[in-house]
Amino acid sequence: MVWTDLAAVAAGAWCALLLVPWQPWRTSERLEADLTSPARVALDDVTVLMPARNEAPVIARSLAGLANQGAPLKTILIDDGSTDGTADIARHVGLADLTVIQAPPLTPGWTGKLWALEHGRQMVTTPYVLLLDADIALRPGLVATLLEKARGERLALVSLMAAPAMSGFWDRWWMPVFIYFFKLLYPFRLANRPTAGTAAAAGGCLLVAREALEGVGGFGALQGAVIDDCTLAALVKRRRGGATWIGLTHSAVMLRAADLRGFWRMVARTAFTQLRYSYTLLAACAVIMAIVFVAPLAAIVVGDATACALGLAAWGLMGVSYVPTARFYRQSPWTVAALPAAGVAFLLMTFTSALWYARGLRSRWKGRDYRRGSA
C-alpha cells in the first residue's frame, strides 16, 4: 500500500510538471549563430570581458573563437592569479584589440570571478559588455547574433547556456542532465517574461547593456554572490526594470569536458546556496527527490501489481519530460532510462555542498575556499 501511494504521488508530480503552462522541460528557448548577422551588425559597440584563472589548456581556442566573429572585437582578459602562463599564452594568440590585465589580489567578501570582472568593467566604454568564460568557444557570427537580438527585442541582458563538450562519458551523461535540472529550477519561459518574478542567466556567455550593469552598481552589487549570473539577471530585471532572455545553443561550446570529480564539485559549488543554506529545505528536497526518482523504481521492484503499474507510469512520464533535452544534445535514448540514477547523484552532490557549509565554507571553486561570513 505504501509503495502504491508513493508511486501515485510520483506519477502525479511528473504529470503536473508536463502540464504546467511554462513547460520548463521543453527546449524551445534557443538561439544559434546567424552567419549573415556580421554583415548587418557592427561589433564596435561590444567589449568582451574574459576572466581567466589557470586556463592554459583552453585559452587559445577560446580567443580563436572571438577572432572568427566577423569583425575585430575589443577584448579584455583579466588574469585572476594564474600560475600556468595563461596570460602569456593569450598575448601570443594574436587576437586583434586584446588587452590583458592582472587582477589585484582577491579582497575578502568577493569571489574571484566577480573581482576580476569588476576590474575589467572599469575599462569598458562600449554600450554592451559580453561576459565570456575562458573555457567557452563561440561559433562564427554568434556575438553579432546576440547583439542583434538584444537590440531588436530591447533586452538589457541576453545569455546562452553553452553546450557541453560531450567528449567523455561523464560529460555526455551528466552535463545535459545538469542543464535539465537547471531549467526545472529556473524555467526559461518564466525568466524571459518581463513581468514574471523568476530571473535566470548563464554567466558563461552573457551580453548585458553597460547602462544596465552600471545601473545596478556593477559587479560590486553581486559581491559575495555564489550564483552570480542569476543574481545579476534578477537585479537587472527587478531593480532596473530591464527585460532579460536566456536560452540554449549549440553555438557556444564548453571546451573542457567534466570528469566525475570536476562535475561533482561544479554542482556542489552552488547546490546548497540554491536551498538558501537551509537544512530544512535540504531535508524537504531529499524527501521530494526520493519520492519522484526512487519511489517509482522501488514500486516496480517490490510493490504489487498496482504499485508496479504506477511506478512504470511515473518512470515513463519522467522520461517524457527529459526527451527534449536528450534530443537537443543528441544523447543516447538510454540516458532517459538512467534519469533516476542521475537524480540520486544530484541529491548526493547537494549533501556534499551542505557538508562544506557545515564545515564553515559557503563554496569551493578554482582552488579557493569561500568561507561563511566572508561576504
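It should be noted that the structure appears before, not after, this text.
Residues numbered from 1 in each chain as written. Predicted model: local features only at pLDDT ≥ 70, side-chain atom pairs only at ≥ 80, totals over all residues. Heavy atoms only, no water.

**Q** A description of the overall build of the chain should follow, citing residues and the corresponding values.
**A** Within the chain, the regular secondary structure consists of 15 helices and 10 strands. A compact globule built from 375 residues should have a C-alpha radius of gyration of about 21 Å, and the chain, at 21 Å, falls within 12% of that. On the principal axes, the C-alpha backbone points of the chain span a range of 70 × 45 × 40 Å. Considering only contacts in the chain between residues 6 or more positions apart, those separated by 24 or more positions represent 79%. About 15800 Å² of surface is accessible on the chain, with carbon and sulfur atoms providing 60% of the total. Distance from the positive charge centre (36 side chains) to the negative charge centre (25 side chains) of the chain: 4 Å. (Helix = DSSP H or I, 4+ residues; strand = E, 2+ residues; numbered from the N terminus. Rg over C-alpha atoms; globule rule 2.2 N^0.38 Å. Contact = heavy atoms within 4.5 Å. Areas by Shrake-Rupley, 256 points an atom, 1.4 Å probe, with all protein chains shown as cover. Lys, Arg positive; Asp, Glu negative; His and termini not counted. Charge placed at Lys NZ, Arg CZ, Asp CG, Glu CD.)

**Q** Report on the sheet that holds strand S1 (residues 46-52), specifying residues and quantitative values.
**A** Here eight strands make up an open sheet; going across it, the order is S3-S2-S1-S4-S7-S6-S8-S5 and the pairing mixed. The sheet is open, and its two borders are formed by strand S3 (98-102) and strand S5 (136-138), each paired with just one other strand. Direction aside, the axes of adjacent strands within the sheet are offset by 30° on average. With six bridges joining them, strand S6 (residues 157-163) and strand S8 (residues 244-254) adopt parallel strand pairing. In the strand pairing of S8, Met-161 is matched with Leu-248. In the packing of helix H3 (residues 59-67) onto the sheet, the strands contacted are S1, strand S2 (74-79), S3, strand S4 (128-132) and S5, and the crossing angle to S1 comes to about 175°. (Pairing = 2+ DSSP bridges. Axes fitted to C-alpha atoms, helices over the stretch in contact; angles between N-to-C directions.)

**Q** Describe the side chain of Gln-69, with residues and values.
**A** Residue position: Gln-69 is located in the loop between H3 and S2. According to the relative accessible area criterion, Gln-69 is buried, its value standing at 0%. A polar contact is formed between the side chain of Gln-69 and the backbone oxygen of Arg-139, at a distance of 3.0 Å. Setting aside residues up to four positions removed in sequence, Gln-69 forms contacts with Pro-38, Leu-43, Leu-138, Arg-139, Pro-140, Gly-141, Leu-142 and Val-143. (Buried < 20%, exposed > 50% of the residue type's maximum accessible area, 1.4 Å probe, protein only. Polar contact = N/O pair within 3.5 Å; in protein donor to acceptor, adjacent residues only side chain to side chain.)

**Q** Which residues make up helix H10 (residues 228-239), and what values do they have?
**A** Its 12 residues give H10 an end-to-end C-alpha distance of 16 Å, which sits within 8% of 16 Å, the value for a rise of 1.5 Å per residue. For H10, a buried count of nine out of 12 residues is recorded, marking the element as mostly surrounded by other parts of the structure. Listed as buried for H10 are Asp-228, Asp-229, Cys-230, Leu-232, Ala-233, Ala-234, Leu-235, Val-236 and Lys-237. The positive-phi residue at the C-terminal boundary of H10 is Gly-241, with phi of around 70°. (Expected span 1.5 Å × (residues − 1).)

In short, geometric facts, not functional conclusions.
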